[in-house]
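Residues per chain, in single letters:
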Amino acid sequence: MLEGKTALVTGGSSGIGLASAKMLKDNGARVAITGTNADKLKLAHEKLGDDSIAIQADVSNLDDLDRTRSELQQAFGKLDILFANAGVAFNTPLGKTDEAMYHRMMDVNVKGTFFSVQSVLPLMQEGASIILNTSWLNQIGTPKKTLLSASKAAVRSFARVMSAELVDQRIRVNCVSPGTIETPIHRGPDETDEHFHAYVERVGQQVPVGRMGKPEDIASAVLFLASDASSYMLGTEMVIDGGRAEL
Ligand SMILES: NC(=O)c1ccc[n+]([C@@H]2O[C@H](COP(=O)([O-])OP(=O)(O)OC[C@H]3O[C@@H](n4cnc5c(N)ncnc54)[C@H](OP(=O)(O)O)[C@@H]3O)[C@@H](O)[C@H]2O)c1
């Protein structure tokens, strides 16, 4: 499906990003991933195989993004698919949130997404597809999530405006909007398997389909948006949340 195409997945060392990188690669694309943690990146690179590329880079650091573009230029020469997926999630309750928390959320989720796109655009040609990662939280009001929800609402808006700006170049921008997906983003550093599994069970019961999502549930949508099968879609958001936001 993606033979001859090249893809960059930011935050491709874990969870949704890693599952998407694997699915893009299994469908014929040459894939590069980024992440900040060298150990996680190395493990992910081993899982993807030698013909993939792993670049240690922070999406909120513009020098890192420039270096990523140079490495992609050297390795691929062009870029057909960007999955701007890197993101952080944490609670920011009113009255308990400091400025550093505000900057971290916005620097990675908003600034990081915007500059990830801007940085690789010179490598993209007609027919390229950009996929942004939002969240079902941008549609609802959940306590303690003011900044996470707002950061993802900003990314949702990026897809509309960037699509309008890039339509003449025939580059499409769309979003995937995951519900609650079983990834390390929900897991504390010292959390036991038992505690995490109990969390997965509990949250799964709140979802109409009766389970938390798997990273592959999102990767399938990323593959679709990356491919020409979705060539009539731009500026849109695919909500993949087991029915949570709508039912
Ligand atoms: N899981 C969910 O329920 C859910 C729901 C809605 C939306 N999402 C979105 O899905 C995306 C992926 O999350 P996930 O659930 O797959 O979590 P995850 O397993 O924790 O993966 C997050 C990825 O982003 C990378 N990352 C974090 N900060 C980065 C930075 N500054 N620069 C580059 N890479 C960075 C992480 O690598 P390092 O730690 O090494 O940097 C990791 O590879 C996020 O944007 C998240 O908001 C997730």
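The following paragraphs examine the structure supplied in this document. Note that the structure is predicted; figures quoted are calculated from it, not measured. (Residues numbered from 1 in each chain as written. Predicted model: local features only at pLDDT ≥ 70, side-chain atom pairs only at ≥ 80, totals over all residues. Heavy atoms only, no water.)

**Side note on the sheet that holds strand β3 (residues 53-56)**
Consideration 1: With parallel pairing, seven strands are arranged side by side in an open sheet as β3-β2-β1-β4-β5-β6-β7. The open sheet has two free edges, formed respectively by β3 and β7 (237-240), since each of these has just one partner strand. Ignoring strand direction, the axes of neighbouring strands in this sheet form an average angle of 20°.
Consideration 2: Of the strand pairs in this sheet, strand β5 (residues 124-133) and strand β6 (residues 172-178) are connected by five bridges, and their pairing is parallel. For N133, the partnering residue across the bridge sits in β6 and is V176.
Consideration 3: Across the sheet, helix α3 (residues 62-75) is in contact with β1 (6-10), β2 (30-35), β3 and β4 (79-84); its angle to β3 comes to roughly 160°.
Consideration 4: Lying on the sheet, helix α7 (residues 215-226) is in contact with β4, β5, β6 and β7; it crosses β6 at an angle near 170°. (Pairing = 2+ DSSP bridges. Helix = DSSP H or I, 4+ residues; strand = E, 2+ residues; numbered from the N terminus. Axes fitted to C-alpha atoms, helices over the stretch in contact; angles between N-to-C directions. Contact = heavy atoms within 4.5 Å.)

**Some remarks on the layout of surface pockets**
Consideration 1: Within this model, the largest pocket holds a volume of roughly 1400 Å³.
Consideration 2: Partitioning the lining of the largest pocket into residue classes produces 17 nonpolar, 23 polar and eight charged.
Consideration 3: Estimates place the volume of the second largest pocket at around 310 Å³.
Consideration 4: Along the walls of the second largest pocket sit 16 residues, with S14, G15, L18, K47 and P184 positioned nearest its centre.
Consideration 5: Only α1 (15-26), α2 (38-48) and α7 provide two or more residues apiece to the lining of the second largest pocket.
Consideration 6: Sort the elements by how many residues they give to the lining of the second largest pocket and α2 lands first, with four residues.
Consideration 7: Within the lining of the second largest pocket, the residues separate by chemical class into seven nonpolar, four polar and five charged. (1 Å grid on protein atoms, 1.4 Å probe; cavity = no way out; pocket = protein on both sides within 12 Å on 5 of 7 lines; lining within 4 Å. Points joined across faces, edges and corners; volume = space filled by probe spheres on them. Nonpolar A, V, L, I, M, F, W, Y, C, P; charged D, E, K, R; others polar.)

**Things to note about the side chain of T180**
Consideration 1: Structurally, T180 can be placed in the loop between β6 and α6 (193-204).
Consideration 2: Exposure remark for T180: the relative accessible area of 10% places this residue in the buried category.
Consideration 3: A distance of 2.4 Å separates the side chain of T180 from the side chain of R244, its partner in a polar contact.
Consideration 4: In this view, T180 contacts W136, H186, Y199, V203, M212, G213 and R244; residues no more than four positions away in its chain are not counted. (Buried < 20%, exposed > 50% of the residue type's maximum accessible area, 1.4 Å probe, protein only. Polar contact = N/O pair within 3.5 Å; in protein donor to acceptor, adjacent residues only side chain to side chain.)

**What to know about the nonpolar core**
Consideration 1: The biggest cluster of nonpolar side chains holds 37 residues, and the ones touching the most others in it are L72, L79, L82, M124, I130 and L132.
Consideration 2: Those elements that place two or more of their residues in this core are β3, α3, β4, α4 (99-120), β5, α5 (146-166) and β6.
Consideration 3: The residues contacting L79, other than those within four sequence positions of it, are T6, A7, L8, L72, V120, L123, M124, Q125 and A128.
Consideration 4: Counting 28 residues, the second largest nonpolar core, distinct from the first, contains A7, V9, F83 and I181. (Core = buried A, V, L, I, M, F, W, Y, C linked by side-chain atoms within 4.5 Å.)

**Here we look at the packing of α1 against α2**
Consideration 1: Contact pair α1 / α2: the axes reach a minimum separation of 10 Å and the direction vectors enclose 25°. Classed by the angle they form, the pair α1 and α2 counts as roughly parallel. Between α1 and α2 the crossing geometry is right-handed. Contact with α1, carried on its side by L18, A21, K22 and K25, involves A44, K47 and L48 of α2 and no other residues of that element.
Consideration 2: Of the residues belonging to the contact of α1 with α2, the class tally is four nonpolar, no polar and three charged. (Parallel < 35°, antiparallel > 145°, perpendicular 65-115°, else oblique. Left-handed = near helix turned anticlockwise from the far one by under 90°.)

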